[in-house]
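Listed here are the chains, written in short residue letters.
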Amino acid sequence: MNDPNGPMIYKGIYHLFYQYNPQGPVPGHKVWAHSTSTDLVNWTPHVPAIVPSQEYDLNGCWSGSVTILPGYKPAILYTGAGPQKKQAQNLAAPKNLSDPYLIEWVKSPRNPLMASTAANGINASSFRDPTTAWVGPDGRWRVIIGSKRDRMGMAILYRSRDFVRWTKARRPLHSADDTGMWECPDLFPVSARFPVGLDSSVNGPNVKHVLKVSLDDTKHEYYTVGTYDSRADTYVPDEGSVDSDSGLRYDYGKFYGSKTFFDSENNRRILWGWINESSTVDDDIKKGWSGVMAIPRTLWLDKSGKQLVQWPILEIEKLRTNQVDLPNKLIEAGTVLEVPGITAAQADVEVSFEVKELEKAEALEPAGTNPQMLCSQKGASAKGGVGPFGLLVMASKGLEEYTAVFFRIFKGQNKYVVLMCSDQSRSSLKNCNDKTTYGAFLDVDPLHEKLSLRTLIDHSIVESFGGGGKSCITARVYPVLAVRDGTHLHVFNNGAQSVGVPKLSAWSMKKARIN
Ligand code: FRU
């Protein structure tokens, strides 16, 4: 599987469609696979909702989104890959609206609805992934579609009165030089006042917008917080751009092709993202699957107004069992302490660290502004001043294998800088996997705030949330010793100074039902 498609809640049932190749765990002709859930944790698979059947989608039914139209009618807009991978946007609607599972979908006889022509200058091989549509002040629908012209990435804007006849706007909603193809764009409003979600068409005072794009060139996602002017149909980021080393990302590890939706029954906006493999295709074929969805995350605008905050949906806590608490502890420099009594290969861990003194913090070299590079140079085994301290997850008994998720504090120009890392370099004795180390800066003041870390572990998947969800890093690991009952969890401190651990709770996680 790859991208999540058309997530929605309809009549109390969550729907997730996703890119899926029925031929096997390798690239191929994609269908829209379909699963439903009442709690976002346990899932029922259904037959694929849309499959290639027409000339315009014979090479695949690619990514797209759902919009709930007036009269409570969901509609899918998706990209059809036609001959020579020529891309165009198509509509599909439920065959039977009284079926809450919406099993059958019918393609519009008017398809394709948005396509390249000699007149509109669209590049047919780079025109895909329509967003959820929203309504502007003139009552017309708007949708954006990922594209590029030469190296300029862009979000092409279309408008429609009836959702069937679409007209391309003269200017794209937003574009950026030298960013390459924009895949899976997403534009949505966030409240500048409360940590709640907003429906896609909401705009006005105290509303900011977020534009996210998935960059095909780097397979990384970037977002900006900015202002969407719904009269002029322009989006202006408050600061930064969609692609710079300092650009904001949902996730600084593996996370791509993501999409949000508004959960109208719980007033929250939920983010779905795809985590691809870090293993070889041969191994994928052996294990029989490839690609997973990350645990859905609720997201909202941080109090600073400058970035988003993400947190695993509360429902995931239904899987928690056998809580283990570590009493308030001081972890001396050079300590590795096991957290006993949980199924460490399937666990949820919440820990916070308290640093009383920052005297020993290493100086941050002016060149050290790329957090991923810093984390690779200063991995978990590189002794530091304040930190590295954090968790060793998916660890084998003798620590031959482990994945280290940790913090390290530096003295910056005029403030302390917190680095969050996920170090996969020792994750497996096998050498054929991608073991890249990931890193992010965390906007937390370590003098006045505790440093919190939550890590969700599910065998090969490690999803970490630093600072209450201000920076997130997802990794894939394939240990050979640290499997099932042979897996351990530790807290460690490899700095020169002790750190307090006022709180650590860990839970064994039950299995979700997926059929
Ligand atoms: C992103 C992507 C999309 C496309 C889909 C095809 O991962 O390449 O741009 O619609 O996957 O599966």
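Residues numbered from 1 in each chain as written. Predicted model: local features only at pLDDT ≥ 70, side-chain atom pairs only at ≥ 80, totals over all residues. Heavy atoms only, no water.

By the naming in an unreviewed UniProt entry, the protein chain goes by LOW QUALITY PROTEIN: beta-fructofuranosidase, insoluble isoenzyme CWINV1-like and is assigned to Rhodamnia argentea. Quoted verbatim from the Sequence similarities (unreviewed entry) field of UniProt, the annotation for the protein chain is "Belongs to the glycosyl hydrolase 32 family." (UniProt positions renumbered as here; feature names shortened; annotations may be inferred.)

If you check the domain split of the protein chain, you get domain 1 (4–312) and domain 2 (323–509). One C-alpha centre belongs to domain 1, the other to domain 2; they are set 32 Å apart. Taken together, the 25 residues of domain 1 in the interface contact 24 residues of domain 2. Summing the contributions of domain 1 and of domain 2, the shared interface buries around 2,200 Å²; its carbon and sulfur component is 53%. By the criterion of area lost to domain 2, the three top residues of domain 1 are Tyr252, Ser278 and Trp311, representing 28% of everything that side buries. Counting the contacts that link domain 1 with domain 2 gives three salt bridges. The shortest N-O distance in the salt bridge between Arg476 and Glu277 comes to 2.9 Å. Joining domain 1 to domain 2, the criterion identifies 13 residue pairs in polar contact (both at pLDDT 80 or more). Across the side of domain 1 that touches domain 2, the residue classes tally to 11 nonpolar, seven polar and seven charged. (Domains from an automatic or database assignment. Contact = heavy atoms within 4.5 Å. Buried area = accessible area lost by both parts, 1.4 Å probe. Salt bridge = Lys/Arg side-chain N within 4 Å of Asp/Glu carboxyl O. Polar contact = N/O pair within 3.5 Å; in protein donor to acceptor, adjacent residues only side chain to side chain. Nonpolar A, V, L, I, M, F, W, Y, C, P; charged D, E, K, R; others polar.)

Here the focus is the sheet that holds strand S5 (residues 61–69). If you trace the four strands from one edge of the open sheet to the other, you get S5-S6-S7-S8, paired in antiparallel fashion. Each end of this open sheet is capped by a strand with a single partner; those strands are S5 and strand S8 (105–107). Neighbouring strand axes in the sheet, compared pairwise and without regard to direction, differ in orientation by 30 degrees on average. Here six bridges tie strand S6 (residues 73–81) to strand S7 (residues 87–94), and the two strands are oriented antiparallel to one another. Looking across to S7, one finds that Ala81 is bridged to Gln87. (Pairing = 2+ DSSP bridges. Helix = DSSP H or I, 4+ residues; strand = E, 2+ residues; numbered from the N terminus. Axes fitted to C-alpha atoms, helices over the stretch in contact; angles between N-to-C directions.)

Scanning the entire structure with this criterion turns up 19 aromatic pairs. Plain terms: the ring middles of Trp134 and Tyr228 are 5.7 Å apart, the flat faces sit at 90 degrees to each other, and that makes the pair edge-to-face. Here Trp134 is found in strand S10 (residues 134–135), whereas its partner Tyr228 is found in strand S17 (residues 220–229), with 94 residues between them in sequence. Ring geometry for Phe406 and Phe492: centres 6.1 Å apart, planes at 80 degrees, overall edge-to-face. Separated by 86 residues along the polypeptide, Phe406 in strand S30 (residues 403–411) and Phe492 in strand S36 (residues 488–493) bring together distant segments of the chain. This pair shows no difference in class: Phe406 is buried, exactly as Phe492 is. Every member of this aromatic cluster is reached through a ring pair, and the members are Phe17, Trp32, Tyr78 and Trp105. (Phe/Tyr/Trp six-rings, centres within 6.5 Å; stacked < 30°, edge-to-face > 60°. Buried < 20%, exposed > 50% of the residue type's maximum accessible area, 1.4 Å probe, protein only.)

Enumeration according to the criterion identifies 32 salt bridges in this entry. Residue Lys287 is joined to Glu277 by a salt bridge in which the shortest nitrogen-to-oxygen separation is 3.0 Å. With Lys287 in helix H1 (residues 281–287) and Glu277 in the loop between strand S20 (268–275) and H1, this pair connects stretches of sequence that are 10 residues apart. Overall, the relative accessible area of 32% leaves Lys287 in the partly exposed class. In this structure, Arg320 and Glu317 form a salt bridge, with 3.7 Å as the shortest nitrogen-oxygen distance. Through salt bridges with shared partners, a single ionic network connects Asp138, Arg140, Arg142, Arg159 and Asp233.

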